[in-house]
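Each chain, letter by letter, is given below.
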Amino acid sequence: MNWTGAVRTIIVCAILIVLHYTLRPLLAWRASIDFLVVALLLGSVRLRPGAAAVYGFILGLVSDSLGVSAFGAAALGMSVVGFSASWLKAVFFADNLALNGFFLFLAKWLFDIISSLVSHRAHGAELAMQLFVWSPLSAAVTAVAGVIALSLLKPLMEVRTA
Amino acid sequence: MATAVRLGTRVDAGLLVGCVVLSLVATALPEKDREPIAGALRRTVVAPLVGLQRGAERWRIAWVSNEQRQLAADSVAMRAINSEALRTENEHLRKAIGLGSRLQWGFVPAEALHNTTPNEAIVTTLTLTAGSSAGIQQYSPVVAPEGLVGTIYKADPSMSIAELYTHPDFRASAMSADGQASGIVFPHSDPGTGSEAYMLELRGVSTRIMLKPNTVIFTSGLGGTFPRGITIGTVVSEIKTNEVWTRTYLVRPAVMPSRVTTVLVLTAQRDTQGTGNIWGGAAVNGDSAARRIAAAGDSLARHAAQLEAEARKAALDSVRLATIDSVQRAIGIARTTPTPELDTAAQRRVRDSLRADSLRKTRRP
């Protein structure tokens, strides 16, 4: 990835992070959009797995710092998701929006599963409800929003050659 | 090359393991050790994001509170509209009750249901919630607290249809408040729009009578359909017509059909016996007052005549008795059964004569 591509990726990720802290509280949905996961996947596929894990760790720490509990859970989940996305970058690079949406869905669900299990915020039926109802719903919403965001930001991501 | 790839893979794995370990350590940290790290992040790197989130939440709160305020304002407005409708209805009902208490008898109260016929330019009929089983008959007068509404067109057992004064066939004999001007009220031949659509015409008023604007017009009671003294409306202006010997006046009705919700239907007996001065008509008032004054005068005259007759009779009796007494005394006939009055008079006269004799005796030497 050259410098131009890196700058473009940083800008798009910054936009997605800003959206996470502006649009998400504004909507305040129960199954909310996680723009951080979209930003994580968008950056991870352009990084080596180790760097993607560090990137995910940093994003997770940012997310955790604004939470009242479970400090480190989001960092763990995002590290794993970032590493996995980078490792599966060949699949993720496929120019297919539906496939990208599916991987966004899987990434968000995996992140929610890891963070929910590690944080111990819920138990029993509540945890099952969170993992199998709200997390898939949130993952689906995130996938749709991610696909829309990627479609809108695609011109910014494309590398123009003279 | 293979060594570099292997090294890179090991580095990646190492970084992942490091991140995972650090994350687990962060998770396992106690609250007092965790908070300084999170707080430092919040104050430095994450500070702009915190500001963004705070701003977004404020927007959200403002949005929600604005919606709630809007809902509250809407509900208040709705309540105000309802209260206005209730106030109007209450006012109508109070007036209807007031009219009912003034009429006292001979009426049937009914609710007026407006017919929803969109092709009808003006309202000409009303459906009433009382019918023939309540005593309503065809052509019974329909009145409201403000005045005349119309007549009953058809009376079913449980409901009836009222033909309003706006109906083309409506006619009512009318008069002015002082009773000098009289004529026939018709629906206005050239109805306007809005409130002007319900105007009336007072036709056939004598040319020598000039009615001023705002002169109140009442039913005159002629024809027998409407009793005398129900308010029809007020004169607006004179209408120029081709009639030479009569005048025609534009009359604004006292009752607006669109506002009629409760009416009273006068029964046949009440229609025959009249309503008196219920609507405050001066002519009716004057008429009834004149009748009352005449009746009072008659009774006084009768009483005075009776007294005079009794006085005359008493005087004649006294003269007759005195004459009989003096004649009897003159011819020396003793009374056998003197009347107490006569006896008393005779005794008084005897006493007077004795007193006179004794006086004569004392005066004699």
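Residues numbered from 1 in each chain as written. Chains lettered and ligands numbered in written order. Predicted model: local features only at pLDDT ≥ 70, side-chain atom pairs only at ≥ 80, totals over all residues. Heavy atoms only, no water.

Caption draft 1: The overall build of chain B, seen in detail. Along its length, chain B carries six helices and 12 strands. When the 365 residues of chain B are sorted by exposure, 33% land in the buried category. Residue pairs in contact within chain B that sit at least 24 positions apart in sequence constitute 58% of those at least 6 positions apart. With the model as given, the accessible surface of chain B reaches about 22500 Å², and the carbon-plus-sulfur share is 59%. (Helix = DSSP H or I, 4+ residues; strand = E, 2+ residues; numbered from the N terminus. Buried < 20%, exposed > 50% of the residue type's maximum accessible area, 1.4 Å probe, protein only. Contact = heavy atoms within 4.5 Å. Areas by Shrake-Rupley, 256 points an atom, 1.4 Å probe, with all protein chains shown as cover.)

Caption draft 2: Representation of the pairing of strand β11 (residues 246–253) of chain B within the structure. All names here are of chain B. Buried residues dominate β11, accounting for six of its eight residues. In this sheet, β11 lies alongside strand β8 (residues 200–206) in antiparallel orientation, the contact comprising five bridges. Residue pairing for β11: Val205 is matched across the bridge by Arg247. (Pairing = 2+ DSSP bridges.)

Caption draft 3: Up close: the sheet that holds strand β5 (residues 160–164) of chain B. Residue and element names in this part refer to chain B. Pairing in this closed barrel of six strands is antiparallel, and the strands run β1-β2-β5-β4-β3-β12 around the ring. On average, each strand axis in the sheet is tilted by 40 degrees relative to the strand beside it, whichever way the strands run. Of the strand pairs in this sheet, strand β1 (residues 107–114) and strand β2 (residues 125–128) are connected by three bridges, and their pairing is antiparallel. Bridging from a neighbouring strand, Leu113 pairs with Thr127 of β2. Each of β1, β3 (141–144) and β12 (262–266) is contacted by helix α3 (residues 47–103), which is oriented at about 20 degrees to β12, the strand it contacts most. (Axes fitted to C-alpha atoms, helices over the stretch in contact; angles between N-to-C directions.)

Caption draft 4: Up close: the interface of chain A and chain B. In this assembly, 30 residues from chain A lie in contact with 28 residues from chain B. Here chain A is connected to chain B by one salt bridge. Among the ionic pairs, Arg48(A) bridges to Asp12(B), the shortest N-O distance being 2.7 Å. Counting the contacts that link chain A with chain B gives seven residue pairs in polar contact (both at pLDDT 80 or more). Looking at the side of chain A that touches chain B, the elements with two or more residues in it are α1 (3–27), α3 (49–65) and α4 (73–87) of chain A. Per-element accounting of the side of chain A that touches chain B gives the leading share, nine residues, to α3(A). Its residues assigned to classes, the side of chain A that touches chain B shows 23 nonpolar, six polar and one charged. (Salt bridge = Lys/Arg side-chain N within 4 Å of Asp/Glu carboxyl O. Polar contact = N/O pair within 3.5 Å; in protein donor to acceptor, adjacent residues only side chain to side chain. Nonpolar A, V, L, I, M, F, W, Y, C, P; charged D, E, K, R; others polar.)

Caption draft 5: Here's a closer look at helix α2 (residues 35–44) of chain A. Residue and element names in this part refer to chain A. For α2, the tally of buried residues reaches 10 of 10 residues, placing the bulk of the element in the interior. Taken together, the buried positions of α2 are occupied by Phe35, Leu36, Val37, Val38, Ala39, Leu40, Leu41, Leu42, Gly43 and Ser44. Backbone nitrogen of Leu36 and a side-chain oxygen of the N-cap are separated by 3.2 Å at the start of α2; the cap is Asp34.

Caption draft 6: Looking closely at the packing of aromatic side chains. With the rule as written, the count across this model stands at three aromatic pairs over all chains. Seen from their ring centres, Phe105(A) and Trp109(A) are 5.7 Å apart, and the 55 degrees between their planes marks the pair as tilted. Taken as a pair, Phe105(A) and Trp109(A) lie in helix α6 (residues 97–119) at a separation of four residues, close to a single helical turn. Across the ring face of Phe186(B), the terminal group of Arg203(B) is positioned such that the distance to the ring centre comes to 4.0 Å. Here the basic side chain of Arg270(B) rests over the ring of Trp105(B), its NZ or CZ set 4.6 Å away from the ring centre. (Phe/Tyr/Trp six-rings, centres within 6.5 Å; stacked < 30°, edge-to-face > 60°. Lys NZ or Arg CZ within 6 Å of the ring centre and 35° of its normal.)

Caption draft 7: Spatial organisation of the sheet that holds strand β9 (residues 216–219) of chain B. Residue and element names in this part refer to chain B. Sheet architecture is closed into a barrel: six strands sit in the order β6-β7-β8-β11-β10-β9, paired in antiparallel fashion. Shown here is a sheet whose adjacent strand axes are inclined to one another by a mean of 40 degrees, direction ignored. Note: strand β6 (residues 172–176) against strand β7 (residues 182–187), four bridges, orientation antiparallel. Of the residues in β7, the one forming a bridge with Ser173 is Ile184.

Caption draft 8: Fine view of the nonpolar core. Grouped together as the largest cluster of nonpolar side chains are 47 residues, with contacts concentrated most on Leu126(B), Leu128(B), Val185(B), Leu202(B) and Ile217(B). Here this core takes four residues from β12(B), the largest share from any one element. Beyond its immediate chain neighbours, meaning those up to four positions away, Val185(B) contacts Phe170(B), Arg171(B), Ala172(B), Ala174(B), Leu200(B), Glu201(B), Leu202(B), Ile217(B) and Ile232(B). Among the nonpolar cores identified, the runner-up in size contains 43 residues, and Ile33(A), Phe35(A), Phe71(A) and Leu150(A) belong to it. (Core = buried A, V, L, I, M, F, W, Y, C linked by side-chain atoms within 4.5 Å.)

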